[in-house]
Amino acid sequence: MKIKITADSTCDLSPELIQKYDIGIMPLHVALGNDDRLDGVTIQPNDIYEYYAANKKLPRSGARSSEEYKEFFKSFLDNGYDAVVHYDISADMSGSFDNAMLAAQELNNVYVVDSRNLSTGTGLLVLDACDMAAQGADPSTIAKRSRERTPFVRASFIIDKLEFLYKGGRCSSLSYLGANLLQINPVIEVKDGRMGIASKPMGRYMRCIEKYAEWVKSNCTSPDKTRCFVTHTKMDDGLTENTIKIVKSWDIFDEIIETTAGCTITTHCGSNTIGILFINDAKVSE
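Residues numbered from 1 in each chain as written. Predicted model: local features only at pLDDT ≥ 70, side-chain atom pairs only at ≥ 80, totals over all residues. Heavy atoms only, no water.

Draft legend 1. Just the pairing of strand β7 (residues 110–114), in detail. Burial analysis of β7 places four of its five residues in the buried class, which makes it a mostly covered element. In this sheet, β7 lies alongside strand β6 (residues 83–88) in parallel orientation, the contact comprising five bridges. Counterpart to V85 in the pairing with β7 is Y111. (Buried < 20%, exposed > 50% of the residue type's maximum accessible area, 1.4 Å probe, protein only. Helix = DSSP H or I, 4+ residues; strand = E, 2+ residues; numbered from the N terminus. Pairing = 2+ DSSP bridges.)

Given below as structure tokens:
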């Protein structure tokens, strides 16, 4: 059975991974004012920084319509694939999942999974699905296993500056001012499909990243050792390399994959944002 694994562009998988695993990507809308673009196709993260520097405004992201999803899925079914298993950003963060589900209901053999996550938190599930498809699993089994694994995805990021969160209306002016004065670097964690603050380390940013990494390691209670992502926006020199060095020193994961976050994370969090993401269900999966 020929199965196509697909995801929306918020999964933040690199072009190399997309090509290696032959993943279909559905780019979301990103609007720079009245200029509507497609995430990763006609807009890249650097465009967001340039737009913000010139206008002091952030882009607006938008879900694809159910009709667009229908055309997307149909393009694979009409070209030799027997089934499609698709992954979307958490339904609590976007209308993408609902629209994809509406499209799937009009087609046969399209399975839509709400990742309950974002960025490479979704990407972890996508690559796991590719592994399952390569091993001969049927699409319903792939979708079922992914839904069972979603609560165990550990996705988090530490943020250097709150300017983008503040400008995007995601933190109050008081929190923004206090964080700047106290050198607070919040850790954002995805839980139950939503983003929330897990901790607020203070001080020099590299030291805050180290504290964040210690916190992540403390949550590696039963990790799937197959892979871990270190995903980041545009970073100052040395920050990414030091973070990867820390994760490697744990000697936990078989593969540590570095990826650059796409337009969604960039718009929410700005530069110098970095996350360590993995699945923590090894004992459950045994």
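There's more to say after this.
Draft legend 2. Geometry of the pattern of salt bridges. Following the criterion strictly, the structure yields 16 salt bridges and no others. The salt bridge partner of R37 is D35, with a shortest N-O separation of 2.9 Å. Judged by relative accessible area, R37 falls into the partly exposed class, the value being 23%. Bridged by salt links that share partners, the residues D128, R145, R149, D224 and D281 form one connected network. (Salt bridge = Lys/Arg side-chain N within 4 Å of Asp/Glu carboxyl O.)

Draft legend 3. Looking closely at the packing of aromatic side chains. Tallied over the entire structure, the rule returns six aromatic pairs. Judged by centre distance (5.7 Å) and plane angle (55°), the rings of F253 and F278 are tilted. Taken as a pair, F253 in the loop between α10 (239–250) and β13 (256–260) and F278 in strand β14 (residues 274–279) lie far apart in primary sequence, 25 residues in all. Residue F278 is classed as buried on the basis of its relative accessible area of 1%. (Phe/Tyr/Trp six-rings, centres within 6.5 Å; stacked < 30°, edge-to-face > 60°.)

Draft legend 4. Seen up close, the pairing of strand β1 (residues 3–8). Of all six residues in β1, six are buried, a share of seventy percent or more. Residue alternation in β1 divides its side chains into two sets, I3, I5 and A7 and K4, T6 and D8, and both sets are buried. Bridging between β1 and β6 involves five bridges; their strand directions are parallel. Paired with I5 across the two strands is V85, which belongs to β6. Pairing analysis gives three bridges linking β1 to strand β2 (residues 24–26), with the strands arranged parallel. Following the sheet pairing, A7 is matched in β2 by I25. For the crossover from β1 across helix α1 (residues 15–21) to β2, the handedness is right-handed. (Right-handed = clockwise from strand over helix to strand, strands pointing away.)

Draft legend 5. Just the side chain of T122, in detail. Tracing the backbone through its elements, the reader meets T122 in helix α5 (residues 120–134). Among the polar contacts made by the side chain of T122, one reaches the side chain of S115 at a distance of 2.8 Å. Beyond its immediate stretch of four places on either side in the chain, T122 contacts C11, Y87, D88, I89, S115 and N117. (Polar contact = N/O pair within 3.5 Å; in protein donor to acceptor, adjacent residues only side chain to side chain. Contact = heavy atoms within 4.5 Å.)

Draft legend 6. Main features of a negative patch on the surface. The grouping of D236, D237, E241 and E258 at the surface amounts to a negative patch. Tracing the chain through its elements places E241 in helix α10. For E241, a relative accessible area of 52% puts it in the exposed group. (Patch = residues over 30% accessible without salt bridge, like charges linked within 9 Å, V, L, I, M, F, W, Y side chains within 5 Å. Areas by Shrake-Rupley, 256 points an atom, 1.4 Å probe, with all protein chains shown as cover. Lys, Arg positive; Asp, Glu negative; His and termini not counted. Charge placed at Lys NZ, Arg CZ, Asp CG, Glu CD.)

Draft legend 7. Just the confidence of the model for the chain, in detail. Averaged over every residue, the pLDDT of the chain is 91; residues scoring 70 or more account for 91%. Overall, residues 170–174 carries pLDDT values under 50, and its contacts beyond four positions in sequence, including any with other chains, amount to nine contacts. (pLDDT = per-residue confidence, 0-100.)

Draft legend 8. Up close: the sheet that holds strand β3 (residues 29–32). Spatially, β4-β3-β5 is the arrangement adopted by the three strands of the open sheet, whose pairing is antiparallel. Taken across any chain shown, the strands that pair with only one partner, and hence form the sheet edges, are β4 (35–38) and β5 (60–62). Neighbouring strand axes in the sheet, compared pairwise and without regard to direction, differ in orientation by 30° on average. (Axes fitted to C-alpha atoms, helices over the stretch in contact; angles between N-to-C directions.)

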